[in-house]
Amino acid sequence: MEKNLQNFLNTDLLNKYLVGDLSLEASKDVEHFISTYPEVAQAYKKLQDNLEIVAKAGAVEAPQYILGNVLKSLEQTNDTKVIPLAPRKRTPWYSIAASAAAILFAATSIMLYQKNMALNNENNIVVEEIFDLRSDIENNNSKLEELSRELLKLNNPDSKKYVFNGNERAKNLKTVAYINPVEKTSMIDVITLPQLPKEQQYQIWAELQDRMVNLGILDESDRKLKQIPYMEDALALSIKIGTKGDNANENDTEVAEISLKEN
């Protein structure tokens, strides 16, 4: 304990406490030593006395005329304003720490907000991609279902397959017709169609007992199963070359024909 007391007396804490240059916590420690140890109290009393002596030694007596001038000035006005001077206080360390913590918190909040916004944008992009993917899957499933239905029609035992082969006018032409007389459906699958001049087009016809019936246009872009009207009493189907914009003419150039008659 005496060692702690001696260490305290060897510091300048008493001097700083006397002139108010200590923090609140340090001042409490000094006051504890003053109230607990007579040696510290005596040393503090001595410092106070020395400070008073120094203050008196440095004081200069004001001339008599100055006191008279001050009294005279006081008598001339009663509207005396006293402006208290606020003591200059040092900013406590905990205030600086709090400010620094607030700045750090604000900077961290901004950074987290920006990261959160970036993550939200990424999430939105992912969600949109998921929706697009679902839409693609639904479209593909729809196409697969449609293809499955078409395959069922083609594999139906009641469906009959007829192959069109082109004549000298269209040697590379190849098209397949699937006709189901039970379900009364007709489909045609365009495999190859030789290119025609821009003003011409391929047409498919049904031959009945007393007339020819136009069933529609065939195009190279129709490279898939295509539904065509079912003609119950048709004797044959033929593919002809006609002129675009003109009314279908049964006398157009025929390039392929299949017979639907039972042998």
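Everything quoted here is computed from the prediction, not taken from an experiment. (Residues numbered from 1 in each chain as written. Predicted model: local features only at pLDDT ≥ 70, side-chain atom pairs only at ≥ 80, totals over all residues. Heavy atoms only, no water.)

**Concerning the overall build of the protein**
Reasoning step 1: Summing up its helical and strand segments, the protein has six helices and eight strands in all.
Reasoning step 2: Mapped in sequence order, the helices and strands of the protein form the string α-α-α-α-α-α-β-β-β-β-β-β-β-β.
Reasoning step 3: Counting across all 263 residues of the protein, residues that qualify as buried make up 21%.
Reasoning step 4: Residue pairs at least 24 apart in sequence account for 56% of intrachain contacts in the protein once pairs closer than 6 positions are excluded.
Reasoning step 5: With the model as given, the accessible surface of the protein reaches about 20100 Å², and the carbon-plus-sulfur share is 54%. (Helix = DSSP H or I, 4+ residues; strand = E, 2+ residues; numbered from the N terminus. Buried < 20%, exposed > 50% of the residue type's maximum accessible area, 1.4 Å probe, protein only. Contact = heavy atoms within 4.5 Å. Areas by Shrake-Rupley, 256 points an atom, 1.4 Å probe, with all protein chains shown as cover.)

**What to know about the pattern of salt bridges**
Reasoning step 1: One pass over the full model with this rule turns up five salt bridges.
Reasoning step 2: The salt bridge involving K45 is made with D49; its shortest N-O contact spans 3.2 Å. Of this pair, K45 and D49 both sit in helix 4 (residues 38-57), separated by four residues, roughly a single helical turn.
Reasoning step 3: As a salt-bridge pair, D210 and R211 come within 3.2 Å of each other at their nearest N and O atoms.
Reasoning step 4: A residue is classified by how much of its surface remains accessible, and D210, at 63% relative accessible area, is exposed. (Salt bridge = Lys/Arg side-chain N within 4 Å of Asp/Glu carboxyl O.)

**Some thoughts on the pairing of strand 5 (residues 212-218)**
Reasoning step 1: Alignment of strand 4 (residues 200-207) against strand 5, held across six bridges, turns out to be antiparallel. Directly across from W205, in strand 5, lies its bridge partner N214.
Reasoning step 2: Counting the residues in the hairpin turn of strand 4 and strand 5 gives four residues. (Pairing = 2+ DSSP bridges.)

**Observations concerning the side chain of Q203**
Reasoning step 1: Relative to the helices and strands, Q203 is located in strand 4.
Reasoning step 2: Of note is the side chain of Q203, whose polar atom sits 3.3 Å from the side chain of W205. (Polar contact = N/O pair within 3.5 Å; in protein donor to acceptor, adjacent residues only side chain to side chain.)

**Some points on the environment of T243**
Reasoning step 1: On the secondary structure map, T243 appears in strand 7 (residues 236-243).
Reasoning step 2: Taking relative accessible area as the criterion, T243 reaches 37% and is therefore assigned partly exposed.
Reasoning step 3: Here the alpha-carbon distance between T243 and Y202, two residues 41 residues apart in the chain, equals 8.7 Å.
Reasoning step 4: Those residues in contact with T243 that lie beyond four places of it in its chain are E199, Q200 and Q201.

**Let's talk about the sheet that holds strand 5**
Reasoning step 1: The four strands are arranged 5-4-7-8 in an open sheet whose pairing can be described as antiparallel. Edge positions in the sheet fall to strand 5 and strand 8 (253-259), since each has one partner strand and no second. For this sheet, the mean angle separating the axes of adjacent strands, direction not counted, is 25°.
Reasoning step 2: Relative to strand 7, strand 4 is paired through eight bridges, and the arrangement is antiparallel. In the sheet register, I204 faces strand 7, and the bridge partner there is I239. (Axes fitted to C-alpha atoms, helices over the stretch in contact; angles between N-to-C directions.)

**Examining the packing of aromatic side chains**
Reasoning step 1: What the rule picks out here adds up to three aromatic pairs.
Reasoning step 2: On the numbers, 5.7 Å between centres and 55° between planes, the contact of Y17 with Y44 is tilted. One end of the pair, Y17, is in helix 2 (residues 13-18); the other, Y44, is in helix 4, and 27 residues separate them in sequence.
Reasoning step 3: The ring of W205 is capped by K240, whose NZ or CZ atom sits 5.1 Å from the centre of that ring. (Phe/Tyr/Trp six-rings, centres within 6.5 Å; stacked < 30°, edge-to-face > 60°. Lys NZ or Arg CZ within 6 Å of the ring centre and 35° of its normal.)

**Structural notes on the sheet that holds strand 2 (residues 174-180)**
Reasoning step 1: Spatially, the four strands line up as an open sheet ordered 1-2-3-6, and their pairing is antiparallel. Across the chains shown, the open sheet's two edge strands, defined by having one partner strand only, are strand 1 (160-165) and strand 6 (225-228). The average angle at which neighbouring strand axes cross in this sheet is 25°, direction not considered.
Reasoning step 2: Pairing of strand 2 with strand 3 (residues 185-192), which is carried by seven bridges, proceeds in the antiparallel orientation. Across the sheet, T175 pairs through a bridge with V190, a residue of strand 3.

Interpretation in functional terms is not warranted from these geometric data alone.
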